[in-house]
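For reference, the chains in residue letters:
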Number of protein chains: 2
Amino acid sequence: MEPVYVIKIGGNIIDDAQKLAAFLEAFAALPGKKVLVHGGGKLATRIGDALGIPQQLVDGRRITDPETLKVVTMVYAGYINKNIVAGLYAAGCPAIGLSGTDGDAIRAHKRAAKGAVDYGFAGDVDAVNLDLLSTQLDSGLSVVLAPITHDGNGQLLNTNADTIAQETAKALAARFDVHLVYSFEKSGVLRDADDDASLIASITPASYDQLKTDGSVHSGMIPKLDNAFAALRSGVREVLIGKAEDLPQLVQGRTGTRIVHE
Amino acid sequence: MEPVYVIKIGGNIIDDAQKLAAFLEAFAALPGKKVLVHGGGKLATRIGDALGIPQQLVDGRRITDPETLKVVTMVYAGYINKNIVAGLYAAGCPAIGLSGTDGDAIRAHKRAAKGAVDYGFAGDVDAVNLDLLSTQLDSGLSVVLAPITHDGNGQLLNTNADTIAQETAKALAARFDVHLVYSFEKSGVLRDADDDASLIASITPASYDQLKTDGSVHSGMIPKLDNAFAALRSGVREVLIGKAEDLPQLVQGRTGTRIVHE
């Protein structure tokens, strides 16, 4: 099967114009089919603050009230998505920016309230439109996905960008050889979060059990790693986690953490 | 050739949630291939005001400084575009929302300053990507165009939505039988702007000269009508101007003003 790279870019890169431009150059230079998934960085919070809309986070997740939904739709699907696409063209990479409602790319449902916590207009993914994404990729366009989905009944929903990347990778695995890349500010999965030299270069299901047992994996990484192994079980070839600035080396598995079947 | 409807929706419809929902229902019910072009309504001005960004208009055109460009990109390409697409899915109409940078849909250049007036990041259209739009339409999607374009060098540009509709219609005319529809709050081209009964039902090049000579056409309509005739000369079949609320009758030429070759 033909390879496809699904690359999630972390918020701190989006917040830094120079880092973003360098990342887009590196993304543009990657050969073959590719999907870029972005979140929002701090701009949504800044715009929300400027508009007098208080932002609430519970366990790192934004509570999406109607006004916050308006802000994230504007910032993620508008400002950030379109600037990334324009930047990719400037770097010589034809691309199309989509939210989950465009072409029904990503259908979701509103997350049910969990005890005392009502996440508001937060969306949990039901389906990724493989045909739509394949059509765009086959026509030579890279796809840039904003983490705004819809429920099919006219309701937009705010969805976690890591989840968008994971679900997109899983859906594309039915037709492509998918490499899922999480690029962010760290060098990869670290034994010591403050020490880049403590990088774990490779994790398999067997070694993951051992790393959890001996406490070598930071608890904050466990949900991400659980998701990575879930992606592998759904047919994704490998999951790569590492520094956005090292994208060319990262996609080649020469740096960062490589999460593989065996 | 297969018919395509290119329908521009006026800002006052976008500002009214009920009118917009009714319009989207009517648009969804139209058979065949169709493109919806929208501007921004008053929301961009409201958001700009809330963010403390003063809006300047010269001859009805917004002066697009860098902060205003950010606002219109967020509001037009983000909030309005994605809500329209989600609304179309709710009405049973598969659609994809694009700005001019997506798939290089609409390439433009920054308008040169004209004497003392610098329009800022205002874009004048150079090219509409017929292949991209055809691919989306052929795959069964209606296309929803936001009036944000790009220059290919990473710069987004704010572009007049009437112009986007006209240029899109002209480009599609190479492959389709194009009907260009301007839907707004008036019944069509009126001899007396305040009297719907003064509607001019049909205008041809010959009758247009007569209408201009005898002063029957309001001076404010002349640029719009000049553009309509320019579209006809570029291969567009007809231009229809009328009330958004009468969309089904308007596209059938049963109401509004019909501008035709003869």
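Labelled according to an unreviewed UniProt entry, chain A appears under the name Acetylglutamate kinase, originating from Flaviaesturariibacter amylovorans. In UniProt, chain A has this text filed under Catalytic activity (unreviewed entry): "N-acetyl-L-glutamate + ATP = N-acetyl-L-glutamyl 5-phosphate + ADP". Quoted straight from UniProt, the Subcellular location (unreviewed entry) entry for chain A says "Cytoplasm".

Novice: What exactly am I supposed to notice about the overall build of chain A here?
Specialist: Helices and strands together make up the secondary structure of chain A, namely nine helices and 14 strands. Against the 2.2 N^0.38 benchmark of 18 Å for 262 residues, chain A shows a C-alpha radius of gyration of 18 Å, consistent with a compact globule. With respect to the three principal axes, the spread of C-alpha positions in chain A is 45 × 45 × 35 Å.

Novice: How should I be thinking about the sheet that holds strand 2 (residues 33-38) of chain B in this particular structure?
Specialist: Neighbouring strands of a sheet are bound in pairs by backbone hydrogen bonds; such pairs are parallel or else antiparallel. All names here are of chain B. Judged by pairing direction, the sheet is mixed, and its eight strands sit side by side in the order 5-8-2-1-11-13-14-12 without closing on themselves. Two strands in the sheet have a free side with no partner beyond their single neighbour: strand 5 (95-98) and strand 12 (202-203). When strand 5 meets strand 8 (residues 142-145), the two strands line up parallel, connected through four bridges. Within strand 8, the residue paired with Ala-95 across the bridge is Ser-142.

Novice: Teacher, can you tell me more about the relation of the copies chain A and chain B here?
Specialist: These two copies of the chain differ by a rotation about an axis and a displacement along the same axis. Structural alignment of chain A on chain B gives an RMSD of 0.0 Å, achieved by rotating through 180° and translating 0.0 Å along the axis. Within this description, the copies of the chain are treated as partners about a two-fold rotation axis. Within chain A, Gly-78 of chain A has its C-alpha nearest the rotation axis, a separation of 1.8 Å. Both copies present the same face, since 100% of the interface residues in chain A are matched by interface residues at the equivalent positions in chain B.

Novice: Is there a simple way to explain the sheet that holds strand 12 (residues 202-203) of chain A in this structure?
Specialist: All names here are of chain A. Reading across from one edge, 5-8-2-1-11-13-14-12 is the order of the eight strands in this open sheet, with mixed pairing throughout. Where the open sheet ends on each side, the last strands, each with one partner, are strand 5 (95-98) and strand 12. Note that strand 13 (residues 238-243) and strand 14 (residues 257-260) share four bridges and pair antiparallel. Its bridge partner being in strand 14, Glu-238 is matched across the sheet by Val-260. Contacting strand 2 (33-38), strand 5 and strand 8 (142-145), helix 4 (residues 66-90) runs over the sheet at an angle of about 175° to strand 5. Sheet strands touched by helix 5 (residues 130-138): strand 1 (3-9), strand 2, strand 5 and strand 8. Its angle to strand 2, the strand with the most contacts, is close to 120°.

Novice: Explain the interface of chain A and chain B here, please?
Specialist: Quoted interface sizes are often the accessible area lost when the parts come together. The partner chain B presents 36 residues to the 36 residues of chain A that form the contact. Buried area between chain A and chain B, summed over both chains or domains, comes out near 2,800 Å², and the portion from carbon and sulfur atoms is 72%. Among the residues chain A hides against chain B, the three largest losses belong to Met-74, Lys-82 and Tyr-89 of chain A. Together they make up 21% of the total. Inspection of the region where chain A meets chain B yields two salt bridges. For Asp-102 of chain A, the salt bridge goes to Lys-82 of chain B, with nearest N and O atoms at 2.9 Å. Counting the contacts that link chain A with chain B gives 11 residue pairs in polar contact (both at pLDDT 80 or more). Listing elements by their share of the side of chain A that touches chain B, those giving two or more residues are helix 3 (43-50), helix 4, strand 5 and helix 5 of chain A.

Novice: What's the story with the packing of helix 2 (residues 17-29) of chain A against helix 4 of chain A in this structure? I'm lost.
Specialist: Angle between the axes and distance between the axes are the two parameters that describe a pair of packed helices. Residue and element names in this part refer to chain A. Contact pair helix 2 / helix 4: the axes reach a minimum separation of 9 Å and the direction vectors enclose 60°. Between helix 2 and helix 4, the crossing angle belongs to the class labelled oblique. For helix 2 against helix 4, the interelement crossing comes out right-handed. Listed contacts from helix 4 to Leu-24, Phe-27 and Ala-28 of helix 2 are Ile-84, Gly-87 and Leu-88. Class assignment for the residues of the contact of helix 2 with helix 4 results in five nonpolar, one polar and no charged.

Rules and cut-offs
Residues numbered from 1 in each chain as written. Chains lettered and ligands numbered in written order. Predicted model: local features only at pLDDT ≥ 70, side-chain atom pairs only at ≥ 80, totals over all residues. Heavy atoms only, no water. UniProt positions renumbered as here; feature names shortened; annotations may be inferred. Helix = DSSP H or I, 4+ residues; strand = E, 2+ residues; numbered from the N terminus. Rg over C-alpha atoms; globule rule 2.2 N^0.38 Å. Pairing = 2+ DSSP bridges. Least-squares fit on C-alpha atoms with pLDDT ≥ 70 in both. Contact = heavy atoms within 4.5 Å. Axes fitted to C-alpha atoms, helices over the stretch in contact; angles between N-to-C directions. Buried area = accessible area lost by both parts, 1.4 Å probe. Salt bridge = Lys/Arg side-chain N within 4 Å of Asp/Glu carboxyl O. Polar contact = N/O pair within 3.5 Å; in protein donor to acceptor, adjacent residues only side chain to side chain. Parallel < 35°, antiparallel > 145°, perpendicular 65-115°, else oblique. Left-handed = near helix turned anticlockwise from the far one by under 90°. Nonpolar A, V, L, I, M, F, W, Y, C, P; charged D, E, K, R; others polar.

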